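Spelled out from the first residue to the last, the chains are:
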Amino acid sequence: MGSMHDLYEMHDEGETAVVTLRGELDAHDAPRLRELFAAAVAEIQGATRPRLVIDLTGVAFLDSTALGTVVGAVRRVREADGELRIVLPDSAARRIFEITGLDEVLDVHATRAAALERTAGA
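The structure contained in this document is the topic of the report that follows. Just so it is clear, the model here is predicted, and its values are computed rather than measured.

Describing unusual backbone geometry
In step 1: Positive phi values are uncommon outside glycine, yet aspartate 12 reaches one of about 50°.
In step 2: Examined against the element boundaries, aspartate 12 turns out to sit in the loop between β1 (7-11) and β2 (16-25).
In step 3: On the basis of relative accessibility, which here comes to 22%, the residue aspartate 12 falls in the partly exposed class.
In step 4: Unusually for a residue other than glycine, glutamate 13 sits at a positive phi of about 50°.
In step 5: By secondary structure assignment, the location of glutamate 13 is in the loop between β1 and β2.

Comments concerning the sheet that holds strand β4 (residues 83-87)
In step 1: Read from one edge to the other, the open sheet built from five strands follows the order β1-β2-β3-β4-β5, with strand pairing classed as mixed. Strands with a single pairing partner mark the edges of an open sheet, and in this sheet they are β1 and β5 (107-109). Each adjacent strand pair in this sheet contributes to an overall mean axis angle of 25°, direction not counted.
In step 2: With five bridges joining them, β1 and β2 adopt antiparallel strand pairing. Across the sheet, residue methionine 10 finds its bridge partner in β2, namely alanine 17.
In step 3: Packed on one face of the sheet, helix α1 (residues 30-44) meets β1, β2 and β3 (51-62) and runs near 170° to β2.
In step 4: Along the sheet face, helix α3 (residues 92-100) touches β3 and β5 and points at about 110° away from the line of β3.

Rules used in this analysis
Residues numbered from 1 in each chain as written. Predicted model: local features only at pLDDT ≥ 70, side-chain atom pairs only at ≥ 80, totals over all residues. Heavy atoms only, no water. Helix = DSSP H or I, 4+ residues; strand = E, 2+ residues; numbered from the N terminus. Buried < 20%, exposed > 50% of the residue type's maximum accessible area, 1.4 Å probe, protein only. Pairing = 2+ DSSP bridges. Axes fitted to C-alpha atoms, helices over the stretch in contact; angles between N-to-C directions. Contact = heavy atoms within 4.5 Å.

Encoded structure:
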């Protein structure tokens, strides 16, 4: 496995890409994250209902630069007429989203299963 331990996988016949991130993410990881999100968005582009799920369950920490790449991914997905969902259990990483107010702006789910449901739940 690469140092970024970052993988994405496809679901729903290629309509949904799930990117799973782990560990502590900072400015050093940002270029790689941007690349990863761009690749995932390219995979779902042209799907009927493109969706990108970013699973942050295993993430202990993100700095503002890593957070910025997530926000950038949101923009990219919206440009592709898709939706982006974030998997974020009650964790230290979630606190970072709450402090910045991003949990209000983004579609945040406590579990991966919830994020993968076809209809956006509460």
